[in-house]
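A closer look at the structure
Listed here are the chains, written in short residue letters.
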Amino acid sequence: MRNATPHTKDNAGKALINIDEISKERPVLIAGPTASGKTSLAIEIATRQGGVIVNADALQVYSGWRILTARPSDDELGAAPHHLYGHVPYDAAYSTGAWLRDVRPYLTEGERPIIVGGTGLNFSALTEGLADIPPTDPRWRAEGDTLRDRGQLDQMIADLDETTASRIDLLNPMRVQRAWEVQKSTGRGLAAWQDNTPAPDLPLSHTTALVMTADKDWLNDRIARRFRMMIDDGAIDEARQMLPHWDPMLQSSKAIGAPEMIAYLRGDLSLDEAIEKAVIASRQYAKRQRTWFRSRMKNWTAINLPQTKM
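Residues numbered from 1 in each chain as written. Predicted model: local features only at pLDDT ≥ 70, side-chain atom pairs only at ≥ 80, totals over all residues. Heavy atoms only, no water.

Overview of the pattern of salt bridges
One pass over the structure, following the stated rule, counts 10 salt bridges. Asp20 is the salt-bridge partner of Arg48, the closest N and O atoms lying 3.1 Å from each other. With Arg48 in helix H1 (residues 38-49) and Asp20 in the loop between strand S2 (15-18) and strand S3 (28-31), this residue pair connects regions lying 28 residues apart in the sequence. Its salt-bridge partner being Asp145, residue Arg148 comes within 3.3 Å of it at the nearest N-O pair. Taken together, the residues Arg148 and Asp145, both in helix H5 (residues 138-149) and 3 residues apart, mark about one turn of the helix. Asp145 shares its class with Arg148; the two are buried. (Salt bridge = Lys/Arg side-chain N within 4 Å of Asp/Glu carboxyl O. Helix = DSSP H or I, 4+ residues; strand = E, 2+ residues; numbered from the N terminus. Buried < 20%, exposed > 50% of the residue type's maximum accessible area, 1.4 Å probe, protein only.)

Structure follows, in structure tokens:
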């Protein structure tokens, strides 16, 4: 990595970005879908220019699921300083607001941060601001969990105010439930809270903002091969260690592949079935990420990844 040329290249040798043209003074933001190579790019920038790598992925913050959340390997951790990886207990709740509080010291202290991840909401909160919404009432959280588990999203959607309903992804159960809980707990719609958003911690204009874009077939191939590598690297043993603590309602249990590996260990799926379902779930997640990036990151610099399978 330290001997890399100034350009990050794809497998055909085509230059994707000239690292020497990146400002050494500005924070760097790197967003992209799962399996697109964000960590490798962050490490290359850090080793060539200096800086610390800060995690912006909502699942890589958790302990317990290191392999399935694709947290950096020991070799990658040794190549550059890394922060906010695996620092949250697997059974704890952790919000975008909590992540903002954790990331703030790296914006003002020490070396230039290179903030990398696939969670678009974290980047939006960082560069656009985050509404200061009070914690939701546990009573409404429990009722929302019940409605979501029963597939009764329509009932929650019907309770939302028109503005909120027009802004959120109504096909995303977690987004619907969050908006419903806010409205029930505070008496105000999520959109109203968002309209009173304070100034951002890091305006986009003060950064070098990069978003990796990938051809669907190229990315799908990488996702399938990476999951097989996760199996080879010990994903089943990782799931076996987490089995006694498994609770599908925990945020950390949303790690792609975790429910499928648990189902395999419980005898509900064969290993091949579990892998197939996990790969499909990962591809669906990548599709949602690409949709978010296209919609919300139009002012970011796009890094166009290879257009053919590797």
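Things to note about the side chain of Gln289
In this fold, Gln289 is placed in helix H13 (residues 271-296). Residue classification places Gln289 among the buried positions, given a relative accessible area of 4%. A distance of 2.9 Å separates a polar atom in the side chain of Gln289 from the backbone oxygen of Gly118. Excluding anything up to four places from it in sequence, Gln289 contacts Gly32, Pro33, Thr34 and Gly118. (Polar contact = N/O pair within 3.5 Å; in protein donor to acceptor, adjacent residues only side chain to side chain. Contact = heavy atoms within 4.5 Å.)

Points about the sheet that holds strand S6 (residues 113-117)
Strand pairing in a sheet is mediated by backbone hydrogen bonds. Such pairs are either parallel or antiparallel. Read from one edge to the other, the open sheet built from 6 strands follows the order S5-S4-S6-S3-S7-S8, with strand pairing classed as parallel. The open sheet has two edge strands with one neighbour each: strand S5 (82-83) and strand S8 (301-304). Relative to S3, helix H4 (residues 120-128) is tilted by about 150°, and along the sheet it contacts S3 and S6. (Pairing = 2+ DSSP bridges. Axes fitted to C-alpha atoms, helices over the stretch in contact; angles between N-to-C directions.)

So, the packing of aromatic side chains
This structure, assessed with the given rule, holds 3 aromatic pairs. On the numbers, 6.3 Å between centres and 90° between planes, the contact of Trp65 with Trp246 is edge-to-face. Of this pair, Trp65 sits in the loop between strand S4 (52-55) and helix H2 (74-79) while Trp246 sits in the loop between helix H11 (235-242) and helix H12 (258-265), placing them 181 residues apart in sequence. In this pair, the class of Trp65 matches that of Trp246, namely buried. (Phe/Tyr/Trp six-rings, centres within 6.5 Å; stacked < 30°, edge-to-face > 60°.)

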